[in-house]
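One-letter residues, chain by chain:
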Amino acid sequence: MRTALLLLLFASIVLSCDILPAQEETAPQRLPRENLLVYRDKANHPRPVESIDDWQKRRSEIIAGMQTVMGQLPGEEKRCTLDVQVEEEVDCGKYVRRLISYASEPGSRVPAYLCIPKAALADGASPVPAALCLHGTDNTIGHGTVVGLGRPNRNYAGELAERGWVTLAPNYPLLAKYQPDLKELGWESGTLKAVWDNIRGLDLLDTLPYVQQGQYGAIGHSLGGHNSVYTAVFDPRITTVVTSCGLDSYLDYYDAKPEVWQAGRGWTQVRYMPRLADYRGDLTQIPFDFHEMIGALAPRSVLIIAPLRDSNFRHASVDKIATAARPIFQLYGRPTALKVMHPDVEHDFPPKMRQQAYEFLEATYRSSATPKRGSAN
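Predicted model, so just to flag it, every value in this text is computed and none were measured.

So, how was this worked out
Residues numbered from 1 in each chain as written. Predicted model: local features only at pLDDT ≥ 70, side-chain atom pairs only at ≥ 80, totals over all residues. Heavy atoms only, no water. Helix = DSSP H or I, 4+ residues; strand = E, 2+ residues; numbered from the N terminus. Buried < 20%, exposed > 50% of the residue type's maximum accessible area, 1.4 Å probe, protein only. Contact = heavy atoms within 4.5 Å. Expected span 1.5 Å × (residues − 1). Pairing = 2+ DSSP bridges. Axes fitted to C-alpha atoms, helices over the stretch in contact; angles between N-to-C directions. Disulfide = S-S within 2.5 Å.

J.: Would you explain the side chain of Ser-222 in this entry?
T.: Its place among the elements puts Ser-222 in the loop between β8 (216-221) and α7 (223-234). Residue Ser-222 is classed as buried on the basis of its relative accessible area of 10%. In contact with Ser-222, not counting residues within four places along its chain, are Gly-136, Ser-244, Cys-245, Gly-246 and His-347.

In structure tokens:
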């Protein structure tokens with residue numbers, strides 16, 4: 001009897017130890033969107049960000065999260081000769097407006113407006129600054145809105161050209177007359193296709209002799225606002241970003257109403273990121289957010305215009321995003337490079353805000369050192 005009791009006691013001790021098979025290790029948790037000063041070490045343990053090198057590890061995880069949803073950004077296999085074709089040229093007073101198209105990849109030509117100040121085309125003229133001007137949602141004329149052909153308060157490509165900037169306004173995929181077959185071309189999201197078209201647009205600007213190459217602005221309203229952020233995260237040639245009415249946290253988008261996250265609605269539309277519908281049950285697990293993407297733009301200059309009466313994106317959410325991102329700008333020694341404005345207007349880009357946006361672009365350009373010329377593609 002005593003022997004049996006001893007054996008039972010020994011068995012209970014064995015069961016209480018780690019001799020039993022270990023439970024399967026769970027995947028590492030998503031790092032907090034509100035705290036960017038945390039990164040994951042090689043053992044997947046959270047560690048405090050204490051240097052720019054530490055931050056770059058977190059930044060790499062942010063980009064990996066973006067590509068989990070958007071698809072993988074392609075490399076040289078998608079690059080081809082730009083083959084720029086001019087379809088129309090219009091004299092607009094101080095500048096000429098050209099309707100062009102360029103090959104962003106084999107089998108896909110992007111329609112775009114290229115506005116060029118006449119002064120830049122004069123013999124002996126010095127190269128001038130250039131910017132991508134990305135349009136908002138418009139299924140009738142698309143990029144025509146930013147060159148003055150559509151609704152008011154959207155002509156930022158034309159107005160910047162009047163101020164001496166070369167502007168390129170590509171059409172967003174699956175809007176108006178630009179209808180690329182994303183599946184046939186191998187794209188998993190319209191968002192990344194747009195990013196690629198914009199990157200190739202920068203390649204185009206790199207080839208123009210009248211453009212100061214190597215640093216560019218990106219400005220956009222609404223759809224163009226977040227399009228400019230996504231593109232700048234992937235391409236460091238964009239040194240200044242202006243986003244008007246273009247973002248809030250995915251957690252706050254339309255108050256996180258479940259119907260907004262059904263497949264084919266809001267952010268989950270084909271022209272955006274269909275995979276986001278997979279997170280409808282728990283938006284907190286979306287592997288990237290604007291807190292992180294704005295942080296990923298540091299130390300570049302960023303102006304976020306978030307109107308108080310914007311019905312699409314919540315201005316209070318933008319403040320939370322900026323609060324999370326500012327420590328990264330501070331890490332680079334540029335705490336004032338990120339600016340947020342809250343005009344008392346609706347989802348619009350009125351003259352006063354456009355004027356401030358242009359001044360922001362120009363001030364950044366003037367304060368920058370002379371950039372190196374980019375390589376032609």
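Moving on from the coordinates now.
J.: How do you make sense of α7 when you look at a structure like this?
T.: Along an α-helix, a turn takes 3.6 residues, which lines up residues three or four apart on a common side. With 12 residues, α7 should reach 16 Å at 1.5 Å per residue; the first-to-last C-alpha distance of 17 Å fits that figure. Most of α7 is tucked away: 12 of the 12 residues are buried. Taken together, the buried positions of α7 are Leu-223, Gly-224, Gly-225, His-226, Asn-227, Ser-228, Val-229, Tyr-230, Thr-231, Ala-232, Val-233 and Phe-234.

J.: When you look at the sheet that holds strand β10 (residues 301-305) in this model, what are you seeing that I'm missing?
T.: Sheet strands line up and pair through hydrogen bonds in the backbone, either parallel or antiparallel. Read from one edge of the open sheet, 9 strands run β3-β4-β5-β7-β6-β8-β9-β10-β11, paired in mixed fashion. This sheet does not close on itself; its edge strands, each paired only once, are β3 (85-91) and β11 (338-341). Each strand of the sheet is rotated relative to its neighbour by a mean of 20°, with strand direction disregarded. Here strand β6 (residues 130-134) pairs with strand β7 (residues 166-170) via 3 bridges, running parallel. Of the residues in β7, the one forming a bridge with Leu-132 is Leu-168. This element, α7, spans β6, β8 and β9 (238-244) of the sheet and lies at about 155° to β9. Against the sheet, helix α9 (residues 315-331) makes contact with β10 and β11, and its axis sits at roughly 165° relative to β11, the strand it touches most.

J.: When you look at the state of the cysteines in this model, what are you seeing that I'm missing?
T.: Here, disulfide denotes a covalent bond that connects the sulfur atoms of two cysteines. Evaluation of the coordinates by the stated rule reveals 0 disulfides. Not part of a disulfide, Cys-115 finds its nearest cysteine sulfur in Cys-92, a span of 6.5 Å. Given the relative accessible area of 0%, Cys-115 is considered buried. No disulfide involves Cys-133; its sulfur sits 7.7 Å from that of Cys-115, the nearest cysteine.

Any link to function would need more than the numbers given here.
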